[in-house]
Amino acid sequence: MLGVSTLAQMASAVAMHGPAFLIPVLHTREGLSLATAGLVAAAPMVGVMLTLVAWGVVVDRRGERLVLVGGLAATAVAAASSTLADGPLCWGVFLFLAGAAAASANAASGRVVVGWFPAERRGLAMGIRQMAQPLGVAVAAVTMAVLAEQHGIRAALAVPAVAATLACVAVAMVVKDPPRPHRSVETARNPYAGDRTLARIHGVSMLLVVPQFLVWTYSLVWLVSDRGWSAAAAGTLVAVTQVCGALGRIAVGQLSDSVGSRMRPLRWVAVAVVVSMALLGLAAGQDWGVAVALLVVASTVTVADNGLAFTAVAERAGPFWSGRALGLQNTGQFLTAAAVPPLAGILVTWTGYAVTFASASAFALVALPLVPVRSEQAPRDG
């Protein structure tokens, strides 16, 4: 269950985040401005943002397996259709549809893990599942960037279609809906009623997603345009950073199980994001060689919060609300993430990469006091 759920989320991540690695070719070969190329890259995230809650409702009512199989099949169709499209508008439309379908894996695959693992092992299990996102980005970095440079945009867009197809088959063969407790007034209560804890977690995650998506979207472009790296070398380094991020998610997941808290490690991660992004901006501005090493550090710590917040939301929402709560959690994140590529592209054009990197630390700094450590309850079945 854990392995296939991770594979499903990994395929979803390729469809959502892979188009970011097309930005250099869209900008230099297709003649798009950096901001317009960023809009094309953001199209799948807009699709995700608009459908996450709807997918969550279906998960709550119809189960995880149905959502995963249907959503991944639709992702494969939309991504395959994008390989036949021509021009930024058509690419954007099909990438939007692929993202809308890929959103199914965000709530459903997480619910499979939360439902099949007990609370004392759930942090580690969810940390493993959360490896899927950086690993999906790593796969996209080493495949889509190189394919786009060597064979064009259409060849690169075949990668998410293949990934979604393989994941759909695996889910159909393996995944079963996890058991749920008997529905009662307590288990079915609205977790948002009279309690701001979930809303605060949503807000913290939205703020922390800014440095995460800034690094994800523009690290390859920065390495190629400012540091003079080839697309293959830059893509390889980005893939390495994503593997580091995946291992970091496992580590903080295990840490949360050990300390019996999701929120205290989340606060520690936010502090690390503030420091790493500020230092990355400083080093990039001074053209220090250590800037590349700091990029690896920043790429690792900026993704470490996701599993903690995701698990905490599922646990606090309970089995009959977690689909919708996780949908809201990810909607807020992707609403913010969709704005990052075009707005950061404008900021890079005006001020350069150094200022843009450093400015992202402010979002993590604002998130720090919002982490609801005092109101955190003990992990329970989600």
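Note that the coordinates shown come from a computational prediction; the quantities given were computed from them, not determined experimentally.

**Overview of the nonpolar core**
At step 1: Core analysis: the largest hydrophobic core is formed by 105 residues, its most contacted members being M277 and F334.
At step 2: No other element matches the 16 residues that helix α9 (residues 197–225) contributes to this core.
At step 3: Discounting residues that sit within four places of it in the chain, M277 has contacts with P211, L214, V215, A298, T302, F357, A358, A360 and S361.
At step 4: Ranked by size, the runner-up nonpolar core spans 15 residues in total, among them V4, L72, A105 and V171.

**So, a nonpolar patch on the surface**
At step 1: A grouping of V271, V275, L279, L282, W288 and V290 is seen on the molecular surface, where their side chains present a nonpolar patch of about 510 Å² in accessible area.
At step 2: For the nonpolar patch, the element with the most residues is helix α11 (residues 263–286), which contributes four residues.
At step 3: Relative to the helices and strands, V290 is located in helix α12 (residues 290–301).
At step 4: On the basis of relative accessibility, which here comes to 43%, the residue V290 falls in the partly exposed class.

**So, the domain arrangement of the protein chain**
A common way to state how big an interface is: give the accessible area lost once the parts meet.
At step 1: Structurally, the protein chain comprises domain 1 (1–175) and domain 2 (192–373).
At step 2: A straight line from the C-alpha centre of domain 1 to that of domain 2 covers 18 Å.
At step 3: Across the contact, 47 residues belong to domain 1 and 51 residues belong to domain 2.
At step 4: Buried surface at the junction of domain 1 and domain 2, both sides included, amounts to about 3,800 Å², of which 74% is carbon and sulfur.
At step 5: When residues of domain 1 are sorted by the area they lose upon contact with domain 2, L34, M45 and M49 head the list and together hold 14% of the total.
At step 6: Across the domain 1-domain 2 interface, the total number found is two salt bridges.
At step 7: The shortest N-O distance in the salt bridge between D60 and R324 comes to 2.9 Å.
At step 8: For the interface between domain 1 and domain 2, the tally reads four residue pairs in polar contact (both at pLDDT 80 or more).

Cut-off values and rules
Residues numbered from 1 in each chain as written. Predicted model: local features only at pLDDT ≥ 70, side-chain atom pairs only at ≥ 80, totals over all residues. Heavy atoms only, no water. Core = buried A, V, L, I, M, F, W, Y, C linked by side-chain atoms within 4.5 Å. Buried < 20%, exposed > 50% of the residue type's maximum accessible area, 1.4 Å probe, protein only. Helix = DSSP H or I, 4+ residues; strand = E, 2+ residues; numbered from the N terminus. Contact = heavy atoms within 4.5 Å. Patch = residues over 30% accessible without salt bridge, like charges linked within 9 Å, V, L, I, M, F, W, Y side chains within 5 Å. Areas by Shrake-Rupley, 256 points an atom, 1.4 Å probe, with all protein chains shown as cover. Salt bridge = Lys/Arg side-chain N within 4 Å of Asp/Glu carboxyl O. Domains from an automatic or database assignment. Buried area = accessible area lost by both parts, 1.4 Å probe. Polar contact = N/O pair within 3.5 Å; in protein donor to acceptor, adjacent residues only side chain to side chain.

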